[in-house]
Amino acid sequence: MPEQTFLDAIRSALAEEMRRDLSVYLFGEDVALGGPFGATKGLADEFGTNRVVNTPISEGTVMGLTTGAAIAGLRPVVEIMFIDFITLAMDQLVNHAAKLHYMSGGQLRIPLTIRVQCGITGAMGAHHSQSLEAWLTHVPGLKVLMPATPADAKGLLKAAIRDDNPVVFIEHRGLYWTKGEIPEKDDVLPIGKAKVLRQGDQITIVALASMVGPALGAAAELAEQGISAEVVDLRSVSPLDIETIVNSTKKTSRVIVVHEAVRQSGIGAEIAALVQEHAFYHLDSPVLRVAAPFAPIPAGRSLESAFLPGKNLILEAVRRSIAFG
Amino acid sequence: MAKKVLPDFIPLLRRMWLIRAFEEKASLLYAERQIAGLLHLSIGQEAVAVGACSLFRKDDYVFGGHRSHGHALATGADINKLMAELAGRATGYCGGKGGSMHIVAKETGFITATGVVGGTIPLALGAAFAAKERKKGQLAVVFFGDGAGQAGAFHESLNIASLWQLPVIFVCENNGYAEFTPLSAHTKVERLAQHAQTYAIAASTVDGNDLFAVREAMARAIKKCRNDKGPAFVECLTHRMRGHYEGDPAKYRELSQLAEWKKQDPIARVERALRKKKLANSQVLEAIETETRALVEKAAEFALSSPWPSAENVESMVYV
C-alpha cells in the first residue's frame, strides 16, 4: 500500500469525491488558494473556482449558506479554518443544519460536511488550539468524526461527504504531516465505528485523534513492564461506538479515556458514564480520564507543555487504575 | 395601442383573506389553549406575502422568519396540514415536530421558517447559490423583519449576495417594531433599504400595505434575478396589528396608532380598489370572506380531530 500524509489523504478524498459527484462543492476562507496548510491545494485548478469557492471571513453566514445549498441539492464541504472559529457559526450549525431534518418532519435533508482543524501544535494560544468536539456531540442531528491516521482520514472524509446528514469532520493539525499507508481501492469507512489498534487484556486505553499516538506509546512501554494494554481509537465521537468499548472493558476490567480537550464535560465523561451503565460489574477500578486541565490554552511554550496531556500522564493513570485493586 | 390586460386580482384577494381568516382562527384556538407555544401573527401584513409569492415559480425557494404562516399560505401551502402543524398533530406538515415557528412546506416551495431572527437569510443565499449553478432561472427569496436588520447575518449575507451576484431577493417587512421596541431605539438607520445600497444591491422601499405596489416592486426584483443580474432588496413598510406574539398586550403602542393602521388594512385597500374599478361588487367580496372563513373552520376541525403523533416519534428523524 502507498504511503501518504494525513494532509494528502484529505486532499485526495476531496478530489476523488469531487470527480465522482458533481454536486460536491468546497467553500471556505482561502480554499481556492489551497488553505493555510495546503489541504485544498490544486483543487481550484482541477475543478474551477465555481466549485472551490473562496468565502469572506463570515463564518456564521457561510455555515448557513452551505446549509441552504445542501437543502437545494448540492453536497457542500465547508471548511472552518480553525475549530475555535466554529463558535461564530454555532447558531447556523446547531439551530439549522442539525435540526432542519427533524423539525421539517423529514422534508429536508442536509448533506453537509464541515471540515475543521483543531489542536495544540505549538504556541498558537487560546484562539487557535482548542479541542471542542464535546460541545458538538451534545447536539442531536450532528455526527462528529475525529480520525487519527491518514487511512481513516481518507475513508471517513469520503463517508462524511456521502452521508445525508451534517457531519463535522475534525482534523488535528498535529497529525497533518504524519504518514501512513492508504488502501489503493476506493475505501469508504463506516461512520460510528471505533477501532482496536492494539490487543491487550489488562487495561483499555480509549483515545482519540492526537492522543492515539501517546496511547500506543504508553501501551508499548507497559508491555515492557509486563502490563497488557488494549488501545481503542475512537474515530467517531458521535455516534459513539460504545459496543467496542464495552467489549474491551469486559476483557480488561479497567478503562482510561484520553483526550486533548479539557477534562470537565469532555467526551471522557460520557464514555465513563456509558461504561458504568453497560459494564458496571465488569469494572475493577473507576474509569479514569487523562485530559487537559480546565483552563484556556496558554500561548507560552512552557505553560503549553504543562497544559498538554501525553504519555506520562497516561502511564500515571494506568498505575493508579491498577493500584486501585 | 393594445388595451393593458389587468391581472385577475380576485385570487390574490382570496389568498389574503385565507391568511387573515387562518390567523384569526389560530388566535382563537390559541386563546382556547387548543394551540400551544408561541404564535406570531402577521395580521395586517398580508399584502407583502401575497404580493410577493403570487409571482414566484413552483421551483423557487421561499424562506420565512418566525412570523411566517402568511408566507407559507401565500406559496399555496395546504391550510389543513398547516393548522394541524400549529396544533402539534401527526397530520401536520412536519408531523408535529415543527410548530408555528418551524413550518416547512417543501411541496409548495416554502423551505423553512425559523425561530432565530435573521437566521434564514444565509440559508436563502445557499439556495440561490445552487439555483445560480443550475442555470434554470430559479431564485431564492427571504422574508424578514426590521429587527433582523441589526443582526450580523443580515449584513454578512448582503455582502456575499452582492459579491457573488446571487439570485436572491431580500424582502424586509418593516413593521416598525422589533419585538416590543420601536426600530428607532435599535438603529439610526430609518430605512433598511439604505443597507442594501451600502452593499451595492438594487433596493426599493414601498408601501407594504399596497398589494399593487408590492407586486410591482417584486416583479422588477424577480426579473433581475431570473436574468442572473444579481440580488435585489425590497423594503415593505407595513404594520402588524397584533402584539409581537399572541398574549402580548402591546402596551408599548398608542391606541391612536392602531386606529390609523386599521385604515391602512391591506385587505380593505384591495377591496376598495376593486370596487372603484368595478372589478368586484359587495356580493363578490363578501362571498370571498365567507368562503375562506368556512375553509379555515374546516381546517381547524381537521387539525383538532387529527391524532397526536405517537411517542416513539420523539427520537425518529434525528438523522436521515
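Predicted model, so just to flag it, every value in this text is computed and none were measured.

On to the overall build of chain B. What chain B contains, in helices and strands, is 11 helices and 8 strands. The dimensions of chain B, computed from C-alpha atoms along their principal axes, are 55 × 50 × 45 Å. Classification of the 320 residues of chain B by burial places 53% in the buried group.

Take the overall build of chain A next. Of regular secondary structure, chain A possesses 12 helices and 14 strands. Along the longest, intermediate and shortest principal axes, the C-alpha atoms of chain A span 60 × 45 × 40 Å. Within chain A, contacts between residues at least 6 apart in sequence are counted, and of these 80% link residues at least 24 apart.

A few words now on the nonpolar core. Ranked by internal contacts, the top residues of the largest apolar core, which has 203 residues, are A:Ile205, B:Ala124 and B:Ala127. Considering every element that reaches this core, the biggest residue donor is helix α1 (residues 10–31) of chain B, with 11 residues. Mapping this core onto the domain boundaries places at least three of its residues in each of domain 1 (3–181) and domain 2 (195–323) of chain A.

Residue and element names in this part refer to chain B. Look at α1 against helix α11 (residues 282–305): their axes get within 9 Å of each other, and the N-to-C directions meet at 45°. In terms of orientation, α1 and α11 fall into the oblique class. Like other packed secondary-structure pairs, α1 and α11 cross with a definite hand, here right-handed. Residues Leu13, Arg14, Trp17, Leu18, Ala21, Phe22, Lys25 and Leu29 of α1 lie in contact with α11, whose contacting residues are Ile288, Glu289, Thr292, Arg293, Leu295, Val296 and Ala300. Classifying every residue of the contact of α1 with α11 gives 10 nonpolar, 1 polar and 4 charged.

With 33 residues of chain B in contact, the opposing surface of chain A contributes 33 residues. Per element, the largest residue contribution to the side of chain B that touches chain A is 10 residues, and it comes from helix α5 (residues 120–134) of chain B.

Buried residues dominate helix α2 (residues 46–53) of chain B, accounting for 8 of its 8 residues. Listing the buried residues of α2(B) in full gives B:Glu46, B:Ala47, B:Val48, B:Ala49, B:Val50, B:Gly51, B:Ala52 and B:Cys53.

Residues and elements named next belong to chain A. Topologically, Val275 is positioned in helix α10 (residues 267–279). Sequence spacing of Val275 and Ile245 is 30 residues, and the spatial spacing of their C-alpha atoms is 7.6 Å. With residues near it in sequence (within four places) discarded, Val275 still touches Ile245, Val246, Thr249, Val255 and Val287.

Let us now look at the domain arrangement of chain A. Residue and element names in this part refer to chain A. Under the domain assignment used here, chain A contains domain 1 (3–181) and domain 2 (195–323). With 23 residues of domain 1 in contact, the opposing surface of domain 2 contributes 24 residues. Elements supplying a minimum of two residues to the side of domain 1 that touches domain 2: α6 (133–137), β6 (143–145) and α7 (150–162). Across the side of domain 1 that touches domain 2, the residue classes tally to 12 nonpolar, 8 polar and 3 charged.

A separate point is the sheet that holds strand β12 (residues 236–238) of chain A. Residue and element names in this part refer to chain A. Spatial ordering of the open sheet is given by β3-β2-β4-β5-β7-β6-β12, a layout of 7 strands whose pairing is mixed. Each of the sheet's edge strands pairs with one partner strand only, and the pair in question is β3 (52–54) and β12. Adjacent strand axes in the sheet meet at a mean angle of 20°, parallel and antiparallel pairs treated alike.

The next point concerns unusual backbone geometry. The residue after A:Ser238, namely A:Pro239, is reached through a cis peptide bond having omega 0°. Along the chain, A:Pro239 turns up in the loop between β12 and α9 (242–252). Even without a glycine there, the phi angle at A:Asp30 is positive, about 65°. On the basis of neighbour counts, which here come to 14 C-beta atoms within 10 Å, the residue A:Asp30 falls in the partly exposed class. Non-glycine residue B:Lys278 carries a positive phi angle of around 55°. The class of B:Lys278 is exposed, set by 7 C-beta atoms lying within 10 Å.

What counts, and at which threshold
Residues numbered from 1 in each chain as written. Chains lettered and ligands numbered in written order. Predicted model: local features only at pLDDT ≥ 70, side-chain atom pairs only at ≥ 80, totals over all residues. Helix = DSSP H or I, 4+ residues; strand = E, 2+ residues; numbered from the N terminus. Buried ≥ 20, exposed ≤ 12 C-beta atoms within 10 Å, placed from the backbone. Contact = placed C-beta atoms within 7 Å. Core = buried A, V, L, I, M, F, W, Y, C linked by C-beta atoms within 7 Å. Domains from an automatic or database assignment. Axes fitted to C-alpha atoms, helices over the stretch in contact; angles between N-to-C directions. Parallel < 35°, antiparallel > 145°, perpendicular 65-115°, else oblique. Left-handed = near helix turned anticlockwise from the far one by under 90°. Nonpolar A, V, L, I, M, F, W, Y, C, P; charged D, E, K, R; others polar. Pairing = 2+ DSSP bridges.

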